[in-house]
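A structural walkthrough
Listed below are the residues making up each chain.
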Amino acid sequence: GLFMDDFWCSDLICKADPSVAGCPCGDPVQGPTEIDRNSQMDMGLTDEDIRALTLAWNETMTMVQHAILGAGGYTWSLMSGQENANASPVLLSRNTCAQQTRAACSGGEREDDWQTNAKLFGLTVNGTSLTQLEQDVAFFLLARGPYAWLGWGVWGMTWPFNPERRHGGLPPLPGGVPRPALIDRDFGEPEDVVCWEDEPGVFVRRWSRAGRIQL
């Protein structure tokens with residue numbers, strides 16, 4: 001069978017407010033996402049039906065999230081920067097490395113967001129290669145707050161041990177990609193509440209078992 005647990009998107013809602021998460025509808029068209037593009041016609045739904053179902057879906061998911069919080073739980077979709085159904089970890093870009101790190105460090109424009117909200121961080125990958133592992137781990141240690149997770153690539157946060165290639169194109173290796181020892185290292189506790197820019201373009205934070213982390 002098919003599933004409809006990702007999210008719904010409505011062209012009418014997007015036209016009224018293009019800033020709504022998921023707009024414009026392109027996964028592949030309006031209606032339930034990751035479903036055949038002819039689903040609206042197949043189900044006999046009007047554009048207004050799609051709008052009403054989208055609003056009802058959002059209301060339902062909001063109630064689910066409140067129930068999870070009320071039970072003392074948490075879910076990744078409540079984390080800062082996450083949208084709809086797919087985990088979207090923050091990736092460090094070579095072109096914007098300084099700007100990204102500066103925003104998270106002392107006095108940065110997003111310091112409060114980085115230091116108070118739960119965050120997902122991703123490792124940059126090219127096929128089976130971790131192309132900037134040391135830089136990604138350094139960014140994680142510099143920018144993270146008390147609640148942060150580091151994972152593989154841009155699809156979910158699992159490690160690709162399986163050969164399955166759909167949804168993210170995981171490497172077709174029987175055993176997956178070896179887990180680098182660096183991400184299992186115990187860096188201790190941060191000795192500085194937040195990172196700082198020690199000199200132009202150089203960011204620093206000290207950790208109890210690793211000393212000075214610098215990027």
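No experiment lies behind these values; they were computed from the predicted model shown. (Residues numbered from 1 in each chain as written. Predicted model: local features only at pLDDT ≥ 70, side-chain atom pairs only at ≥ 80, totals over all residues. Heavy atoms only, no water.)

**Describing the overall build of the protein chain**
- Secondary structure assignment for the protein chain yields six helices and nine strands.
- Counting across all 215 residues of the protein chain, residues that qualify as buried make up 35%.
- Look at the contacts in the protein chain between residues 6 or more apart in sequence, and 51% of them connect residues 24 or more apart.
- For the protein chain, the accessible surface area stands at approximately 12,500 Å², while carbon and sulfur atoms represent 53% of it. (Helix = DSSP H or I, 4+ residues; strand = E, 2+ residues; numbered from the N terminus. Buried < 20%, exposed > 50% of the residue type's maximum accessible area, 1.4 Å probe, protein only. Contact = heavy atoms within 4.5 Å. Areas by Shrake-Rupley, 256 points an atom, 1.4 Å probe, with all protein chains shown as cover.)

**Topic: helix 4 (residues 97–104)**
- Among all positions of helix 4, only Gln100, Thr101, Ala103 and Ala104 are buried. Each buried residue of helix 4 sits inside an arc of 160° when the element is viewed along its axis, so together they form one side. (Arc of directions from axis to C-beta.)

**A word on the confidence of the model for the protein chain**
- In this model, the protein chain carries an average pLDDT of 86, and 84% of its residues clear a pLDDT of 70 or more.
- Looking across the protein chain, the model is least confident in strand 4 (residues 125–126), with a mean pLDDT of 80, and most confident in strand 8 (residues 202–207), with 98. (pLDDT = per-residue confidence, 0-100.)

**Section: the pattern of salt bridges**
- As enumerated under the stated definition, the model contains seven salt bridges in all.
- A salt bridge links Glu197 to Arg102; the nearest nitrogen and oxygen atoms lie 2.9 Å apart. Here Glu197 is found in strand 7 (residues 196–199), whereas its partner Arg102 is found in helix 4, with 95 residues between them in sequence.
- On the basis of relative accessibility, which here comes to 31%, the residue Glu197 falls in the partly exposed class. (Salt bridge = Lys/Arg side-chain N within 4 Å of Asp/Glu carboxyl O.)

**Digging into the packing of aromatic side chains**
- Enumeration over the complete set of coordinates arrives at four aromatic pairs.
- Ring centres 5.7 Å apart and planes at 65° place the aromatic pair Phe121 and Phe139 in the edge-to-face group. On the criterion of sequence distance, the pair formed by Phe121 in strand 3 (residues 119–123) and Phe139 in helix 6 (residues 133–143) is long-range, its members being 18 residues apart.
- You can call Phe121 buried: its relative accessible area is 1%.
- A relative accessible area of 2% means that Phe139 is categorised as buried.
- Three or more aromatic residues joined by ring pairs make a cluster, and in this case those are Trp114, Phe121, Phe139 and Phe140.
- Of note, Lys119 hangs over the ring of Trp114, and the distance from its end group to the ring centre comes to 4.7 Å. (Phe/Tyr/Trp six-rings, centres within 6.5 Å; stacked < 30°, edge-to-face > 60°. Lys NZ or Arg CZ within 6 Å of the ring centre and 35° of its normal.)

**Concerning the nonpolar core**
- Trp114, Phe121, Phe139, Leu141, Ala143, Phe187 and Ile213 are the most contacted members of the largest nonpolar core, which has 20 residues in total.
- Broken down by secondary-structure element, the contributors of at least two residues to this core are strand 3, helix 6 and strand 8.
- When residues in this core are grouped by element, the largest group, eight residues, is from helix 6.
- Not counting the four nearest positions on each side in its chain, Ala143 is found in contact with Ala104, Trp114, Gln115 and Phe121.
- If you look at the next biggest cluster of nonpolar residues, it comprises five residues, including Phe7, Cys9, Cys23 and Cys25. (Core = buried A, V, L, I, M, F, W, Y, C linked by side-chain atoms within 4.5 Å.)

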